[in-house]
Amino acid sequence: MKRDAARAAIVGVLALAFYVVADFRREVIAAIVSNDAPPAAGPRLPAGTGAGLGPVPHVRVVLVDGAGLDTAAAMPVWNELCARGLELRLDVGFPTVSLPIQLALWSGHAQQQTGVLFHSGKVVKPPLGAAAIPAQVPGSIAIAESHPYIVHSLGFAETRPPLDKKLPEGWAGRWVDEAAAAVAGPARLAFVHILKIDTAGHKAGKASAAWRTATTDADAILARLVAAAPADSRWFVLSDHDHIAGGGHGGEARAIRIVRACIAGPGVRTGTGGPIHITDLSRAIADSLGATLPADSPGRSLEAAIAAPVDDDDVLPGLPGRRVVVAWALLLAGLAATLWAVWSRPGWQRLAAAPWWWPVAMLSLCLIEMVPSLSTPMIYKPKGLDMAQAFSPGLAVLAVTLMLTARAGWARALVAQLALPIAGTLAVLIACGGLPMVWGERVCPIVPLWSGWLPVVLLMASSAAAVAALVLLATAVLSAFGPSAPPGTRRNEPAAP
Ligand SMILES: [Zn+2]
């Protein structure tokens, strides 16, 4: 009777965990996309030697949002501009989100240094100040096709469209005129943010007609800007990230992170090189304008950056050592608990009673949907139904294994199935820096690799709690009202003829 009460209590705890963990997962997603991190140390880029660019009277910067290397190569006007100057590979750092990347470009501080890692949809308050490039150039002007919260975060003297919830009436039809006028005008620094390719990517993916149309249109806009600008303009034309095939970005993958940046115009040699870091490009823009970057900017002079290309290790932030140790300790504890729980079983049953459901769930998610990362839209969905459907084979394995092993003691069977996945989920949470969320602290749990998995393992843990509760309930009902085991399944008992 006592054991029945304990089992009922555990069923209650598991049912509660189903709701609580699912809710916590939604909080984690909100923290990833909305919270900022405390400013931290920037990357240490390899040292190189070489000259920087000299100042020029006009600097024109165009950012083609979301256009990866293959898309950029399909833009003839951009190609032509690159051919008459420097065609560079640009490593935009991590994460690959537009606002943080532009903050890095215009401040000379990498994403980890500004602490703005994702910050979706909202202007940065306050915007970049006097130490950033735009504020050092009187009359600097920025024109954006859409998403004005990005350009309004950069500290330009003049910024359009205004920061309203909706774009001004007719903006879509006249913004290119305004951009061309800004580029043609007397401002020493003019910046144009083209967003149509990124918008098409989010809506329809890279294989879509919308993507191809946006690519053609973006190149035509670039042609107009180049034709409108003063002849002595120095051009910086870059992208900020690529998209995955189905649309989406944010993760650390090189394919998303390495884009094209071309510099052309007076005082710029021809050639190719890179990858240079986003803050190297900041330095090149600042040097072109006679502006200065903060002393702790990692950015190097242009020729030094070309002489010493950056690699993943230089650019991607590492995990803090303490977190790694705690995460490993938890994993080992989970493994020990699992071994304890399965060791009482005879021979091969030890292996069969292991928590195979967890790797099966991960594998089926990767095969049926895709490998999760900060670039995959599925991880941000509040209910995560696409993911749940894709990893449900793992839940089926959990249900069957637990049903079969619970007969020889449900408590140990439960520990065998859940100890390692729970420890693993906590380990991922700790690796991401998300643990303080448990006691209500506001953090931004963004690190390479693990943050893409965090909403996944949390959803798996929540679903597994529900499945385990149901199986325990079913075995309780069977043992109370039914035979202790169906005929023919007991050892040494022949099946009924
Ligand atoms: Zn985007």
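Fair warning: this is a prediction, and the values are worked out from it, not measured in the lab. (Residues numbered from 1 in each chain as written. Predicted model: local features only at pLDDT ≥ 70, side-chain atom pairs only at ≥ 80, totals over all residues. Heavy atoms only, no water.)

Brief notes about the overall build of the protein chain
Argument step 1. Across its full length, the protein chain carries 19 helices and eight strands.
Argument step 2. The principal-axis extent of the C-alpha atoms belonging to the protein chain is close to 95 × 45 × 35 Å.
Argument step 3. Taking all 497 residues of the protein chain together, 53% fall into the buried category.
Argument step 4. By sequence separation, contacts in the protein chain at least 24 residues apart represent 78% of the contacts at least 6 residues apart.
Argument step 5. For the protein chain, the computed accessible surface area is about 21,300 Å², with 66% contributed by carbon and sulfur atoms.
Argument step 6. In the protein chain, 39 positive and 34 negative side-chain charges are present, and the distance between their average locations comes to 10 Å. (Helix = DSSP H or I, 4+ residues; strand = E, 2+ residues; numbered from the N terminus. Buried < 20%, exposed > 50% of the residue type's maximum accessible area, 1.4 Å probe, protein only. Contact = heavy atoms within 4.5 Å. Areas by Shrake-Rupley, 256 points an atom, 1.4 Å probe, with all protein chains shown as cover. Lys, Arg positive; Asp, Glu negative; His and termini not counted. Charge placed at Lys NZ, Arg CZ, Asp CG, Glu CD.)

Some points on the domain arrangement of the protein chain
Argument step 1. As assigned here, the protein chain comprises domain 1 (2-37 + 318-481) and domain 2 (58-300).
Argument step 2. Computed over C-alpha atoms, the centres of domain 1 and domain 2 are 41 Å apart.
Argument step 3. At the interface, 16 residues of domain 1 touch 17 residues of domain 2.
Argument step 4. Overall, the association of domain 1 and domain 2 removes approximately 1,200 Å² of surface from exposure, summing both partners, and the carbon and sulfur fraction of that is 62%. (Domains from an automatic or database assignment. Buried area = accessible area lost by both parts, 1.4 Å probe.)

Considering the packing of aromatic side chains
Argument step 1. Counting across every chain of the model gives five aromatic pairs.
Argument step 2. Consider the rings of Phe118 and Tyr380, whose centres lie 6.0 Å apart with planes at 65°: the pair is edge-to-face. In this pair, Phe118 is assigned in the loop between helix H5 (111-114) and strand E3 (141-144) and Tyr380 in the loop between helix H16 (357-368) and helix H17 (385-405), connecting sequence segments 262 residues apart. Across the pair, Tyr380 and Phe118 agree in class, each one buried.
Argument step 3. An aromatic cluster is built from Trp106, Phe156 and Phe191, whose rings are joined through pairwise contacts.
Argument step 4. Over the aromatic face of Trp78 sits the side chain of Arg260, whose NZ or CZ is 5.1 Å from the ring centroid.
Argument step 5. The ring of Trp340 has Arg412 lying over it, and the distance from NZ or CZ to the ring centre is 4.2 Å. (Phe/Tyr/Trp six-rings, centres within 6.5 Å; stacked < 30°, edge-to-face > 60°. Lys NZ or Arg CZ within 6 Å of the ring centre and 35° of its normal.)

Let's talk about the pattern of salt bridges
Argument step 1. The tally for this structure, following the rule as stated, stands at 16 salt bridges.
Argument step 2. Glu87 is paired through a salt bridge with Arg260; the nearest N and O atoms lie 3.0 Å apart. Of this pair, Glu87 sits in strand E2 (residues 86-91) while Arg260 sits in strand E7 (residues 258-264), and the two are 173 residues apart along the sequence.
Argument step 3. In this structure, the salt-bridge partner of Arg254 is Asp312, at a minimum N-O distance of 2.5 Å. Residue Arg254 is found in helix H10 (residues 254-257), and its partner Asp312 is found in helix H13 (residues 312-315); the two are separated by 58 residues along the sequence.
Argument step 4. For Asp312, a relative accessible area of 25% puts it in the partly exposed group.
Argument step 5. Within this structure, Asp91, Arg254, Arg257, Asp311 and Asp312 form a network of salt bridges that share partners. (Salt bridge = Lys/Arg side-chain N within 4 Å of Asp/Glu carboxyl O.)

Examining the coordination of the zinc ion
Argument step 1. Distances from the zinc ion to its protein donors, Asp198 (OD), Asp198 (OD), His202 (NE2) and His249 (NE2), fall at 2.1 to 2.4 Å.
Argument step 2. Between the four donor atoms coordinating the zinc ion, the angles at the centre fall across 55 to 150°, so the site counts as irregular.
Argument step 3. Every donor residue of the zinc ion comes from the same chain, spaced as D-x3-H-x46-H. Here His202 is found in helix H8 (residues 196-204), whereas its partner His249 is found in the loop between strand E6 (233-238) and H10, with 47 residues between them in sequence.
Argument step 4. Relative accessible area serves as the criterion here: at 10%, His249 is assigned to the buried category. (Donors = N, O, S within 2.8 Å, 3.2 Å for Na, K, Ca; no water. Tetrahedral: all angles 85-135°; square planar, octahedral: opposite > 155°, others 65-115°.)

Description of the state of the cysteines
Argument step 1. Taken as a whole and assessed by the stated rule, the structure comprises one disulfide.
Argument step 2. The side chain of Cys82 participates in a disulfide bridge whose partner is Cys262; the two sulfur atoms lie 1.9 Å from each other. Note on the Cys82 and Cys262 pair: the S-S dihedral is about 90°, so by sign convention the disulfide is right-handed. Highlighted residues: Cys82 in helix H3 (residues 76-83) and Cys262 in strand E7, separated in sequence by 180 residues. Each member of the pair Cys82 and Cys262 is classed as buried.
Argument step 3. Free cysteine: Cys366, not disulfide-bonded; nearest cysteine sulfur from Cys432 at 16 Å.
Argument step 4. Cysteine Cys444 shares no disulfide, and the gap to the nearest cysteine sulfur, in Cys432, comes to 10 Å. (Disulfide = S-S within 2.5 Å.)

Remarks on a nonpolar patch on the surface
Argument step 1. On the surface, a nonpolar cluster with roughly 870 Å² of combined accessible area is contributed by Leu319, Val324, Trp328, Leu332, Leu335, Leu339, Trp343, Leu449 and Trp450.
Argument step 2. Among the elements that make up the nonpolar patch, the one with the highest residue count is helix H14 (residues 321-343) (six residues).
Argument step 3. Within the element layout of this structure, Leu449 appears in the loop between helix H18 (410-431) and helix H19 (450-481).
Argument step 4. The exposure class assigned to Leu449 is partly exposed, which follows from its relative accessible area of 42%. (Patch = residues over 30% accessible without salt bridge, like charges linked within 9 Å, V, L, I, M, F, W, Y side chains within 5 Å.)

Examining H16
Argument step 1. For H16, spanning 12 residues, the distance from its first C-alpha to its last is 16 Å, which sits close to the expected 16 Å at 1.5 Å a residue.
Argument step 2. Looking at the buried side of H16, the elements it contacts are H17, H18 and H19. (Expected span 1.5 Å × (residues − 1).)

Details of H14
Argument step 1. When the terminal C-alpha atoms of H14 are compared, their 33 Å separation across 23 residues agrees well with the 33 Å that a helix rising 1.5 Å per residue should span.
Argument step 2. All buried positions along H14 are accounted for by Ala327, Gly334, Thr338, Ala341 and Val342.
Argument step 3. If you follow the buried residues of H14, they end up packed against helix H15 (349-352) and H18.

Side note on unusual backbone geometry
Argument step 1. Looking along the chain, the bond that leaves Lys125 and enters Pro126 is cis, with omega of -10°.
Argument step 2. For Pro126, the position within the fold is in the loop between H5 and E3.
Argument step 3. For the bond from Arg160 to Pro161, the omega torsion is 0°, close enough to zero to count as cis.
Argument step 4. With respect to the helices, strands and loops of the structure, Pro161 is situated in the loop between strand E4 (158-160) and helix H7 (171-184).
Argument step 5. One non-glycine residue, His119, lies in positive phi territory at about 50°.

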